Amino acid sequence: MPTQSTSLSTPPSSPADATPDGSRQIARRSSPSWIPVIALSFGIGMVVLSEFLPASVLPTLAADIGVSEGTAGLAVAATAIAGALTAPSIAVLLPRADRRTVLIALLATAALSNLVVAVAPSFAVLLAGRFLLGVALAGYWSFAFGAGMHAVPGRAPVVSSALAFGVSIATVVGVPLASVVGDAVGWRTTFGGSAVLTVLGAAALALTLPSVPAHPAAGLRMLREAVRNGRLMAGIGCVGLVAFANFAAFPFIRIAIDRVDPAATSWLLLAWGLGGLVGTVLAGFLARWLRPMVAVAPFVVAAALLLTAAAATVPVLAVAVVLWGFSFSMIPVLTQLWVTRVEPERSESAISLQVTAFQIAITVGAALGGALLDGHGVRLLLVVGAVSAVAAGLGWTFLRTPRT
């Protein structure tokens, strides 16, 4: 992929300027448009918001469908199972497909999945809709970073932060708003509204994102070569541990808050999102110290989970929740940059493996978290999450990160 500095080094009198197409290409690369990145950020925000909508409306969803709250947490696990299967395979199945077309189709799939959930007559149908969302989420996340880098070459930390910023905005506004909407007009309306917003995201992408050709080496060979990178796979294992730490607990965050003060639920969910927003922005700035930051962040996640488990008053819980959102929201940015630095020539496959680790962790976390919640209460699952986060931090402490 040509870099911005390469295109700028072409003098005005070069042969590239002799043709209108060459001139337009140079102008575009010297002044890249961030509008496609904003559209990509909005899209990832919508699919991630959809992924965690059950956490906002868990009690009413479980009561309406007729399952326990722990079982309802499987609505998150179903999405993650599909994501774990999709992330490493979608590039293999579509090695030459234009990534723009694929991304738009994946957003349309996410919208359809939300509609299925909104009208689901049973928990089985609801799980089918959530499985469909997992396909959309994993595929979108695997390709979005590469599409963003195609739009603005050479700006990896900013692109990664922009995508994570979309996720943070969705959690800041969407998660607490979904809780309020779900309580006021029903959880089904919440999923219906998410479907409409996701359709708007697909339209924005169609209007703003240019064609994104697939990498010439994309496919099974690229994936096999990435898997052979021992350092990358060790880091992927750490991604799984810290993701498990969060997602064993996050689907049940509303229950953790209700344990202390049910009246504080909406604003504490907002506080979690605001903490995440700050963490996302800072992660991009702190990426120059990637190795220490990727090691420290999981320890902070562990501290936040332990504090949430121990909190007996709203002020202490507020500190814990903000710290939780802040620290974990740094993880997707830092780990995405870490895997692409360790495997720069096969970044699409590296990111797909990162996404797979996240989705497997979400699957195991939601399932185990639900079992722990039903059998032992919310505090134990928070402690289990903290232990996993510490293990991730220790792993990254001993992993070397290549210099750029």
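Residues numbered from 1 in each chain as written. Predicted model: local features only at pLDDT ≥ 70, side-chain atom pairs only at ≥ 80, totals over all residues. Heavy atoms only, no water.

Chemist: Honestly, empty space enclosed by the protein in this entry has me stumped. Any pointers?
Modeler: Rolling a probe over the atoms, with the probe sized like a water molecule, indicates the empty space that remains. This structure, assessed with the given rule, holds 2 cavities of 30 Å³ or more. Volume-wise, the largest cavity comes out at about 350 Å³. Along the walls of the largest cavity sit 22 residues, with Val48, Phe52, Val167, Phe247 and Pro332 positioned nearest its centre. At 5 residues, the largest contribution of residues to the lining of the largest cavity is made by helix H17 (residues 347-376). In terms of residue class, the lining of the largest cavity is built from 14 nonpolar, 7 polar and 1 charged. Of the volumes computed, that of the second largest cavity is approximately 60 Å³. For the second largest cavity, the lining is made up of 12 residues, of which Ala87, Pro88, Ala91, Ser349 and Ser352 are closest to its centre. Contributing elements (two or more residues each) for the lining of the second largest cavity: helix H6 (90-93), helix H8 (123-151) and H17. (1 Å grid on protein atoms, 1.4 Å probe; cavity = no way out; pocket = protein on both sides within 12 Å on 5 of 7 lines; lining within 4 Å. Points joined across faces, edges and corners; volume = space filled by probe spheres on them. Helix = DSSP H or I, 4+ residues; strand = E, 2+ residues; numbered from the N terminus. Nonpolar A, V, L, I, M, F, W, Y, C, P; charged D, E, K, R; others polar.)

Chemist: So what exactly am I meant to see when it comes to the nonpolar core here?
Modeler: The nonpolar side chains of a soluble globular protein tend to be buried with one another. Leu40, Leu126, Tyr140, Leu205, Trp324 and Trp396 are the most contacted members of the largest nonpolar core, which has 129 residues in total. With 16 residues, helix H3 (residues 35-65) is the largest single contributor of residues to this core. Among residues more than four places away in sequence, those in contact with Tyr140 are Ala39, Leu40, Gly43, Ile44, Leu103, Leu106, Leu107 and Leu205. (Core = buried A, V, L, I, M, F, W, Y, C linked by side-chain atoms within 4.5 Å. Buried < 20%, exposed > 50% of the residue type's maximum accessible area, 1.4 Å probe, protein only. Contact = heavy atoms within 4.5 Å.)

Chemist: Sorry, what's going on with the pattern of salt bridges here?
Modeler: Any two side chains of opposite charge can pair, so long as their charged atoms come close to each other. One pass over the structure, following the stated rule, counts 2 salt bridges. Two residues, Arg188 and Asp64, come together in a salt bridge whose shortest N-O distance is 3.3 Å. Taken as a pair, Arg188 in helix H10 (residues 187-208) and Asp64 in helix H3 lie far apart in primary sequence, 124 residues in all. With a relative accessible area of 27%, Arg188 lands in the partly exposed category. Accessibility expressed as a relative area gives 44% for Asp64, which makes it partly exposed. (Salt bridge = Lys/Arg side-chain N within 4 Å of Asp/Glu carboxyl O.)

Chemist: So what exactly am I meant to see when it comes to H17 here?
Modeler: Along an α-helix, residues three or four positions apart point the same way, because every turn accommodates 3.6 residues. With 30 residues, H17 extends 41 Å from end C-alpha to end C-alpha; this agrees with the ideal 44 Å at 1.5 Å per step. Buried residues dominate H17, accounting for 21 of its 30 residues. Just downstream of H17 lies Gly377, where phi reads positive at about 95°. (Expected span 1.5 Å × (residues − 1).)

Chemist: What exactly am I supposed to notice about the packing of helix H5 (residues 74-86) against H8 here?
Modeler: Each pair of packed helices can be summarised by the angle the axes make with each other and by the distance between the axes. Two elements in contact, H5 and H8, have axes separated by 7 Å at closest approach and are oriented at 40°. Relative to H8, the element H5 lies oblique. Between H5 and H8 lies a crossing of right-handed hand. Taken together, the residues of H8 that come into contact with H5 (itself represented by Leu74, Ala75, Val76, Ala78, Thr79, Ile81, Ala82, Gly83, Leu85 and Thr86) are Phe123, Leu126, Leu127, Arg130, Phe131, Leu133, Gly134, Val135, Leu137, Ala138 and Gly139. A breakdown of the residues in the contact of H5 with H8 according to their chemical character gives 15 nonpolar, 5 polar and 1 charged. (Axes fitted to C-alpha atoms, helices over the stretch in contact; angles between N-to-C directions. Parallel < 35°, antiparallel > 145°, perpendicular 65-115°, else oblique. Left-handed = near helix turned anticlockwise from the far one by under 90°.)

Chemist: Mind showing me how you'd approach the environment of Ala214 here?
Modeler: The topology assignment puts Ala214 in the loop between H10 and helix H11 (220-227). The class of Ala214 is buried, set by a relative accessible area of 17%. Placed 71 residues apart in sequence, Ala214 and Phe143 show a C-alpha to C-alpha distance of 9.5 Å. Excluding anything up to four places from it in sequence, Ala214 contacts Pro95, Arg96, Ala97 and Arg99.

Chemist: I'm lost on the side chain of Ser327 in this one. Help?
Modeler: Within the fold, Ser327 resides in helix H16 (residues 314-342). Overall, the relative accessible area of 1% leaves Ser327 in the buried class.

Chemist: Would you mind showing me how to read the packing of H17 against helix H18 (residues 378-397) here?
Modeler: Two elements in contact, H17 and H18, have axes separated by 7 Å at closest approach and are oriented at 140°. When the interaxial angle is binned, H17 and H18 end up oblique. Mapping the contact onto sequence places Gly369, Leu372, Leu373 and His376 in H17 and Val378, Leu380, Leu381 and Val384 in H18. Each residue belonging to the contact of H17 with H18 can be placed in one class, and the counts come to 6 nonpolar, 2 polar and no charged.

Chemist: When you look at helix H12 (residues 230-247) in this model, what are you seeing that I'm missing?
Modeler: Its 18 residues give H12 an end-to-end C-alpha distance of 26 Å, which sits within 8% of 26 Å, the value for a rise of 1.5 Å per residue. Considered for burial, the residues of H12 that qualify are Leu232, Gly235, Ile236, Cys238, Val239, Gly240, Val242, Ala243, Phe244, Ala245, Asn246 and Phe247. You can read the cap of H12 off the contacts: a side-chain oxygen lies 3.2 Å from the backbone nitrogen of Arg231, and it is on Asn229. (Polar contact = N/O pair within 3.5 Å; in protein donor to acceptor, adjacent residues only side chain to side chain.)

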